[in-house]
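# Per-entry structural report
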Amino acid sequence: MYLLIMGAPGAGKGTQAKLISEKYNIPHISSGDIFRQEIKEQSKEGKLAQEYISQGKLVPDDLTISIISKRLQKEDCNHGFLLDGFPRTIKQAQDLDILLAKLKIKLTLVLNLVVNPERIVNRLSQRRVCLKCGATYNLKTNPPKKAGICDKCGEAIVLREDDKEETVKTRLDVYQTQTKPLVKYYNEQKILINIDGDLGIKDTFKEIVKILGDVNGNN
Ligand code: AMP
């Protein structure tokens, strides 16, 4: 299965993507995670991306497409993948179509997580992430077992720099103007399916499994 998951910031893309990736054994390719790793390593790409990310803006298309293109050509993507956070602009989607045609791959499905906009800011302010292993938590709905510590690797969990209130507003504006048009783009390709992202982690995942089970011919 070649999947893409999209939705506004804070819709729960990353959380659902991790669950899908584990259940269906396909690599979870998150452009945000790749950028955060590059920033940690202070690579040339990371330093460039950091400027945009810290302001809640999109990293320029060329740089983003180049890192994703490299990633999709790795061997583990031969039998499927789940893209999370990419594409985020029409230009990225068009370039992805060109790349996939070259690789002789067709997207199976685009999962669009739909959430109540009023809840988003609140969700993001409660989100905590582990910068070591990428695990994410919500202090209210999905807290770690021990306060402030990642269940998976024992590192301290933190509020992402770009989850601070002032940056979240820019990210939501960017989503509305640059990313939301992708809903129409994939609707026209007849591969988009809306998922209710307000059901809670477990029930939203159940919905997704139902849909992917149909695509896969089993659950
Ligand atoms: P995420 O973890 O998906 O919320 O991404 C965090 C930040 O990384 C975004 O707010 C952008 O600044 C940047 N980013 C991630 N994916 C993309 C993309 N496809 N295009 C441009 N910027 C991106």
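In what follows, the structure referred to is the one given above.
Counting from 1, residues in each chain are numbered in the order their sequence is written. The model is predicted, so local features are restricted to residues of pLDDT at least 70 and side-chain atom pairs to those at 80 or more, both for listing and for counting; the totals for chains, interfaces and linings are taken over all residues. Computation of side-chain values: all heavy atoms of the structure, hydrogens and water removed.

## Some points on helix α3 (residues 44–54)
Side chains of residues three or four places apart in an α-helix project in the same direction, reflecting 3.6 residues per turn. The cut-offs for exposure are 20% and 50% of the maximum accessible area for each residue type, with area from a 1.4 Å probe on protein chains only; residues under the lower value are buried, those over the upper are exposed, and the others partly exposed. Segments assigned H or I by DSSP are reported as helices when at least four residues long, segments assigned E as strands when at least two residues long, and all are numbered from the N terminus. Of all the positions in α3, only Gly46, Ala49 and Ile53 are classed as buried. Projected down its long axis, α3 carries its buried residues within an arc of 70 degrees, all on one side. Between two residues, a contact is recorded if the distance between any of their heavy atoms is within 4.5 Å. Residues of α3 that are buried in the fold lie against α2 (31–40), α4 (61–72) and α7 (165–179). Glycine 56, located one to two residues past α3, shows a positive phi value of around 80 degrees. Each C-beta atom gives one direction from the helix axis, and the arc is the one those directions make.

## Overview of α2
Buried within α2 are the following residues: Ser31, Gly32, Ile34, Phe35, Glu38 and Ile39. What you see down the axis of α2 is that its buried residues fit within an arc of 160 degrees, all on one side. On its buried face, α2 sits against β2 (28–30), α3, α4 and β3 (81–84). Two residues or fewer after α2 comes glutamine 42, characterised by a positive phi angle close to 50 degrees.

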